[in-house]
Amino acid sequence: MTAATTAAATAVVNIGSLVTNDPALGDGPLGLLADAAVVFEGDRVAWVGATGAAPAADTAYDAAGRALLPGFVDSHSHLLFAGDRTREFAARMSGRPYTAGGIRTTVAATRAATDAELAANLARFVREMLRQGTTTLETKSGYGLTAADESRALRVAAEQVAGVEEVTYLGAHVVAPEYADDPAAYVDLVTGEMLDACAPYARWIDVFCEKGAFDGDQARAVLTAGKARGLTPRVHANQLSYGPGVQLAVELEAASADHLTHLSDADVAALASGATVATFLPGCEFSTRAVYPDVRRVLDAGATVALSTDCNPGSSFTSSMPFCVAVAVREMGMTPDEAVWSATAGGAAALRRTDVGRLAPGARADAALLDAPSHVHLAYRPGVPLVAEVWRRGERLPGAGGN
Ligand code: NIG
Ligand code: FE
């Protein structure tokens, strides 16, 4: 900090264990520091170091030995919907399998909702995520499936609800019911009139590449059209079966391939060799009683791995990154350090962001304080509301603390 500084500075001191995600600042890939302090100046991190060496600040917050980590970056969610699918979930828990077809139930409810209802629903989930430490989130359309319904959902996300920074056009979620007999015409709509209506509100384009949704050729057409309009691809790949999604994502330089429940050796090799982040969604396997993906194989091959909630009313109705960290550790063989990195820095990489997912000078002042001495408690104490405080853009959120 310099004497000329005008932005108000807050020092968070007596941090028992600080995750910086900057190996130059501390130990290991998490850049861990003990007895640490962080100074926020305006919406940025100004200083990181030992508590005893912290520069003077306008206000001090005593972390009392607890753990501070970068706010979670949730790079994959579907929050633009109305209604829920309680009955489908209950039926699944009595043995019915998950299929892509359930999406159409939510499409009907979403089309019937007003803009205000969609905005209120979205705002509720954004608040829910913030309280659990998520300070950056992506969300998608995909429950409208007409040019008007997809574009108004994206407009609600882009213009009406604060806190949604990353918006994705997912007109290619499933074939709209009106086009059940003519999927090719639906792909024409998604790559034509619907894309024109949606592109102004979105940074990303996504496709559900899966049996019962879109095959490899259709997915390629969707992503290529989006790229030509300046949108960057991300792909729902290999969720319910082996398929072309992962390799298509890598070939088209998608920012991320997501789900990855069924991976061939060639898929793992592609993820390890390309720039596409491998995003795992443990809430989805949990909520659909699916077999967990082999994350170890992907990590050990050297790919960049992210964790995300996939929050949606069908396959994964959790907004909790702490829950996903716990499941990834217990069920998917990740270490607590790997899971916490993937839920913060990994999510940032999946969104091609360098300003979030780390706590180092110059990064955004987004952080979660745990009511625990270590980030490991996120997996060690599953289901416990450990997020005591949340800072976003340097502001401490009211009411974040659960304990
Ligand atoms: O990511 N797989 C496709 N889309 C969502 C599920 C949507 C739904 O079931 O409503 C997912 O899991
Ligand atoms: Fe999804």
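Note that the coordinates shown come from a computational prediction; the quantities given were computed from them, not determined experimentally.

## With respect to the overall build of the protein
Within the protein, the secondary structure is distributed over 14 helices and 16 strands. When its C-alpha atoms are laid out on the principal axes, the protein stretches across 70 × 45 × 40 Å. Out of the 403 residues in the protein, the part that is buried amounts to 57%.

## What to know about the sheet that holds strand β7 (residues 134-140)
The 8 strands are arranged β6-β7-β8-β9-β10-β11-β12-β13 in an open sheet whose pairing can be described as parallel. The open sheet has two free edges, formed respectively by β6 (72-74) and β13 (305-307), since each of these has just one partner strand. Taken over all neighbouring pairs, the strand axes of this sheet differ in orientation by 25° on average, direction set aside. Along the sheet face, helix α13 (residues 336-350) touches β6, β11 (256-259), β12 (277-280) and β13 and points at about 105° away from the line of β13.

## Here's the deal with the packing of helix α5 (residues 183-191) against helix α7 (residues 216-228)
The N-to-C vectors of α5 and α7 enclose an angle of 15°; their axes lie 9 Å apart at closest approach. In terms of orientation, α5 lies roughly parallel with respect to α7. In this structure, α5 crosses over α7, and the sense of that crossing is right-handed. Together, Val187, Val190 and Thr191 of α5 and Gln218, Ala221, Val222 and Ala225 of α7 make up the contact between the two elements.

## With respect to unusual backbone geometry
Positive phi is not limited to glycine here, since leucine 145 has a value of about 60°. Locating leucine 145 in the fold gives a position in the loop between β7 and α4 (147-160). The backbone phi angle of arginine 352 is positive, close to 50°, even though this residue is not glycine. Arginine 352 sits in the partly exposed class, given 15 other C-beta atoms within 10 Å.

## Observations concerning the domain arrangement of the protein
One frequently used descriptor of interface size is the decrease in accessible area upon assembly of the parts. Each assigned domain of the protein is listed with its residue range as follows: domain 1 (9-71 + 357-396) and domain 2 (72-350). Here the C-alpha centre of domain 2 lies 29 Å away from the C-alpha centre of domain 1. Every element with two or more residues in the side of domain 1 that touches domain 2 is listed here: β5 (67-70), α14 (377-380) and β15 (387-392). When residues of the side of domain 1 that touches domain 2 are assigned to their parent elements, the largest contribution, 3 residues, is made by β15. Grouping the constituent residues of the side of domain 1 that touches domain 2 by class yields 13 nonpolar, 5 polar and 3 charged.

## Topic: the packing of helix α12 (residues 321-332) against α13
Axis angle and axis distance: for two packed helices, these are the angle between their axes and the distance between the axes, and together they describe the pair. At a minimum axis distance of 9 Å, the contact between α12 and α13 shows a crossing angle of 145°. Remark: the crossing between α12 and α13 carries right-handed chirality. Of the residues in α13, those touching α12 at Met321, Cys324, Val325, Ala328 and Val329 are Pro336, Ala339, Val340 and Ala343. Taken together, the residues of the contact of α12 with α13 break down into 9 nonpolar, no polar and no charged.

## Considerations on the nonpolar core
Ranked by size, the top nonpolar core spans 137 residues in total, and within it Val38, Leu68, Val325 and Ala328 carry the most contacts. In terms of domain composition, this core takes at least three residues from each of domain 1 (9-71 + 357-396) and domain 2 (72-350). If near-sequence neighbours (up to four positions away) are discounted, valine 325 is found in contact with Leu307, Ala339, Val340, Ala343, Leu378 and Ala379.

## Re helix α2 (residues 103-112)
What α2 keeps buried is the set Ile103, Thr106, Val107 and Thr110. Looking straight down α2, one finds its buried side chains confined to an arc of 110°; they lie on one side. Of the residues in α2, the exposed ones pointing more than 90 degrees away from the buried face are Ala108 and Ala112.

## Comments concerning the pairing of β12
Burial along β12 is two-sided: Val277 and Thr279 facing one way and Ala278 and Phe280 facing the other are all buried. Sheet analysis places β11 next to β12, joined by 3 bridges and oriented parallel. Considered in β12, the bridge of serine 256 is made with valine 277. Read as a crossover between parallel neighbours, the route from β11 over helix α9 (residues 265-273) to β12 is right-handed. Pairing analysis gives 3 bridges linking β12 to β13, with the strands arranged parallel. Bridging from a neighbouring strand, phenylalanine 280 pairs with leucine 307 of β13.

## Some thoughts on α7
What sets the pattern is the α-helix's 3.6 residues per turn: residues three or four places apart point alike. Over its 13 residues, α7 runs 18 Å from end to end, which matches the ideal 18 Å to within 8%, given 1.5 Å per residue. Within α7 the residues assigned to the buried category are Gln218, Ala219, Val222, Leu223 and Gly226. Seen from one end, α7 has its buried residues packed into an arc of 125°, which puts them on one side. Along α7, exposed side chains directed more than 90 degrees from the buried face belong to Asp217 and Ala228. Elements that come into contact with the buried residues of α7 comprise β8 (166-172), α5, α6 (193-198), β9 (204-209), β10 (232-237) and α8 (245-251). Glycine 230 sits one or two positions beyond α7 and adopts a positive phi of about 90°.

## Section: the environment of asparagine 238
Topologically, asparagine 238 is positioned in the loop between β10 and α8. By the C-beta count within 10 Å, which is 25 here, asparagine 238 ends up buried. Spatially, the C-alpha atoms of asparagine 238 and lysine 211 are 9.5 Å apart, while their sequence positions differ by 27 residues. If we ignore the near neighbours within four places in the chain, the residues touching asparagine 238 are Gly243, Gly245, Val246, His259, Leu260, Thr261, His262, Leu263 and Asp267.

## So, the pairing of β8
Side chains on a regular strand alternate between the two faces of the sheet. The buried count for β8 comes to 7 of 7 residues, which makes it a mostly enclosed element. In terms of strand pairing, β7 meets β8 through 3 bridges, oriented parallel. The residue bridging lysine 140 from the neighbouring strand is threonine 168, located in β8. When β8 meets β9, the two strands line up parallel, connected through 3 bridges. Residue alanine 172 lies in a different strand from β9, and its bridge partner there is valine 207.

Rules and cut-offs
Residues numbered from 1 in each chain as written. Chains lettered and ligands numbered in written order. Predicted model: local features only at pLDDT ≥ 70, side-chain atom pairs only at ≥ 80, totals over all residues. Helix = DSSP H or I, 4+ residues; strand = E, 2+ residues; numbered from the N terminus. Buried ≥ 20, exposed ≤ 12 C-beta atoms within 10 Å, placed from the backbone. Pairing = 2+ DSSP bridges. Axes fitted to C-alpha atoms, helices over the stretch in contact; angles between N-to-C directions. Contact = placed C-beta atoms within 7 Å. Parallel < 35°, antiparallel > 145°, perpendicular 65-115°, else oblique. Left-handed = near helix turned anticlockwise from the far one by under 90°. Domains from an automatic or database assignment. Nonpolar A, V, L, I, M, F, W, Y, C, P; charged D, E, K, R; others polar. Core = buried A, V, L, I, M, F, W, Y, C linked by C-beta atoms within 7 Å. Arc of directions from axis to C-beta. Right-handed = clockwise from strand over helix to strand, strands pointing away. Expected span 1.5 Å × (residues − 1).

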